[in-house]
Amino acid sequence: RFCLKNICSIQPILRFSKTERRTQVTKILDGKVFAKNLREELTQTVSALQKEYGEVPGLAVVLVGNNPASEVYVRNKGIQTKECGMRSFEHKLPSTIQQEDLLKVIYQLNEDPEVDGILVQLPLPDQIDAQKVLDTIDPAKDVDGFHIINAGRLTTGGEALVPCTPLGCLLLLKDHFGDLTGKDVVVIGRSNIVGKPMAALLIRESCTVTIAHSKSQDLKAICKRADILIAAVGRPEIITGDFIKKGAVVLDVGINRIPAPEKGEGKTKLVGDVAFEEAKLQAEAITPVPGGIGPMTIAVLLRNTIEAACRRRNWVYNL
Ligand code: NAD
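Quick look at the structure, then. Residue numbers restart at each chain and count upward from 1, following the sequence in its written direction. In keeping with the predicted nature of the model, local features appear solely for residues at pLDDT of at least 70, side-chain atom pairs appear and are counted solely at 80 or more, and the whole-chain, interface and lining totals rest on all residues. Only hydrogens and water are set aside; all other atoms, that is, all heavy atoms of the structure, feed into the side-chain values.

Thoughts on the packing of helix H7 (residues 148-156) against helix H9 (residues 195-204)
How two helices pack is summed up by the angle between their axes together with the distance between the axes.
Here is step 1 of the chain: Between H7 and H9, whose axes approach to 8 Å, the crossing angle comes to 30 degrees. Like other packed secondary-structure pairs, H7 and H9 cross with a definite hand, here left-handed. Packed against H7, whose contacting residues are Arg153, Leu154 and Thr155, the element H9 presents Pro197, Ala200, Leu201 and Arg204 at the interface.
Here is step 2 of the chain: Polar here means any residue outside two lists: the nonpolar Ala, Val, Leu, Ile, Met, Phe, Trp, Tyr, Cys and Pro, and the charged Asp, Glu, Lys and Arg; Gly therefore counts as polar. Residue classes in the contact of H7 with H9 are distributed as four nonpolar, one polar and two charged. Every axis corresponds to a line fitted to the C-alpha atoms, with the helix fit spanning only the stretch in contact, and the corresponding angles, defined between N-to-C directions, vary from 0 to 180 degrees. A run of DSSP states H or I qualifies as a helix once it reaches four residues; a run of E qualifies as a strand once it reaches two. Both are numbered from the N-terminal end. In this scheme the crossing of two helices becomes right-handed for a clockwise turn of the near helix relative to the far one and left-handed for an anticlockwise turn of less than a right angle. Residue contacts follow a heavy-atom distance rule, with two residues in contact if any of their heavy atoms lie within 4.5 Å.

Right, here's the structure in full:
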């Protein structure tokens, strides 16, 4: 049996077992473990929904073109959706597709009763107006939370589908702290995908939120006062140890591929926006890259799909 409250509201849910907590002496916030535990919980939820209603949520992913990174993301989303017991619908469209043909696919998915969530993999080719496509998705199926209606509901306190990456960050923070009331948080980055929804979520949690960005004056001084520092910039390791207040919690959203000659000629590696090794000496807890925020994003996408299904289909089931 499951409690919808746990997955559809943003409650402080303790997901690390006592053993996992004890072994976290370095206070590395392990998004991989957290996401795995979350997916297991979601799998149980889907199974309970199937028993109760005879149906399971469905997620449609639309991929335009053959960007290799996007293909990997879409494949992983499909695999994890099915592993969780949900239905996965993949729509692969040619990179030459015209806007109106892509919109037709979205209209069909909006009408399809078996589809609870629609995700259009970004980036889209130049001939397509991405915002127009995102705003064509039925807000009730907008599991990425990018539709202007969901963005508006998030900032005004309504029932929104919330962008996956910031919601993943919030779940990690709530797991670590429990209550976030009064925390001084600095979010670096003001994008619609990460920075702004992150700030909106934290305001809802009664944090004091500062958003820093490329035009901010004296970024170091701004960061230095944060109890919680969230970097979503896309610049490799620009946040060094001296930006971090002793004992702060640091979430690194950035994913940057840089050359790694130490691994061999032409090799590369992923790093975050935070210089991990020196930041670790200052921080009380920190997410690594890779293995921190990244793995949370798909798990939260699955969670959002279940949330969308429950709302759309009136599947309310409380203990
Ligand atoms: P974006 O380019 O849309 O926004 C970057 C933000 O950083 C901007 O608001 C800009 O003002 C700010 N910025 C740029 N240079 C700066 C500087 N020198 N000092 C302070 N602020 C600066 O990027 P985005 O989509 O928000 O993504 C940010 C990073 O997060 C990227 O590395 C991206 O790959 C990563 N990301 C990761 C996930 C995940 O699943 N982990 C999801 C989304 C994005």
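From this point, things continue past the structure.
A few points about the sheet that holds strand S10 (residues 285-286)
Here is step 1 of the chain: We treat two strands as partners when DSSP finds at least two bridges between them. The parallel open sheet is built from five strands, whose spatial order is S5-S4-S6-S7-S10. Each edge of the sheet is formed by a strand with only one pairing partner; in this case those strands are strand S5 (208-212) and S10.
Here is step 2 of the chain: Bridge count for strand S4 (residues 184-188) against strand S6 (residues 228-231) is four bridges, and the pairing is parallel. Counted as the bridge partner of Val187 is Ile230 from S6.

Quick notes on the packing of aromatic side chains
Here is step 1 of the chain: Under the pairing criterion, centres of Phe, Tyr and Trp rings, with the six-membered ring standing for Trp, must be within 6.5 Å; the plane angle then separates stacked pairs below 30 degrees from edge-to-face pairs above 60, leaving the rest tilted. Taken as a whole and judged by the stated rule, the model has one aromatic pair.
Here is step 2 of the chain: Ring plane angle 15 degrees and centroid distance 5.1 Å describe the contact between Tyr53 and Trp315, whose orientation is recorded as stacked. Placement of Tyr53 in helix H3 (residues 31-53) and of Trp315 in the segment after helix H12 (294-313) is noted, with a sequence separation of 262 residues between them.
Here is step 3 of the chain: Exposure remark for Trp315: the relative accessible area of 4% places this residue in the buried category. Only protein chains enter the accessibility calculation, which uses a 1.4 Å probe; a residue is then buried when its area is under 20% of its type maximum, exposed when over 50%, and partly exposed in between.

Observations concerning the side chain of Asp116
Here is step 1 of the chain: The residue Asp116 is located in the loop between helix H5 (99-111) and strand S3 (117-120) in this model.
Here is step 2 of the chain: For Asp116, a relative accessible area of 0% gives the class buried.
Here is step 3 of the chain: In this view, Asp116 contacts Val56, Pro57, Gly58, Ala140, Lys141, Thr305, Ala308, Ala309, Arg312 and Arg313; residues no more than four positions away in its chain are not counted.

A few points about the pattern of salt bridges
Here is step 1 of the chain: The salt bridge definition used is simple: a Lys or Arg side-chain nitrogen within 4 Å of an Asp or Glu carboxyl oxygen. The full count for this structure, using the stated rule, is 15 salt bridges.
Here is step 2 of the chain: Note that Lys36 and Glu40 form a salt bridge whose closest N and O atoms lie 3.4 Å from each other. Of this pair, Lys36 and Glu40 both sit in helix H3, four residues apart, roughly one helical turn.
Here is step 3 of the chain: Owing to a relative accessible area of 45%, Lys36 belongs among the partly exposed residues under this scheme.
Here is step 4 of the chain: Since its relative accessible area comes to 41%, Glu40 is described here as partly exposed.
Here is step 5 of the chain: Look at the salt bridges and you will find they share partners, linking Glu55, Asp116, Arg312 and Arg313 into a network.

Note that every value here comes from positions in space, so none of it alone points to a role or purpose.
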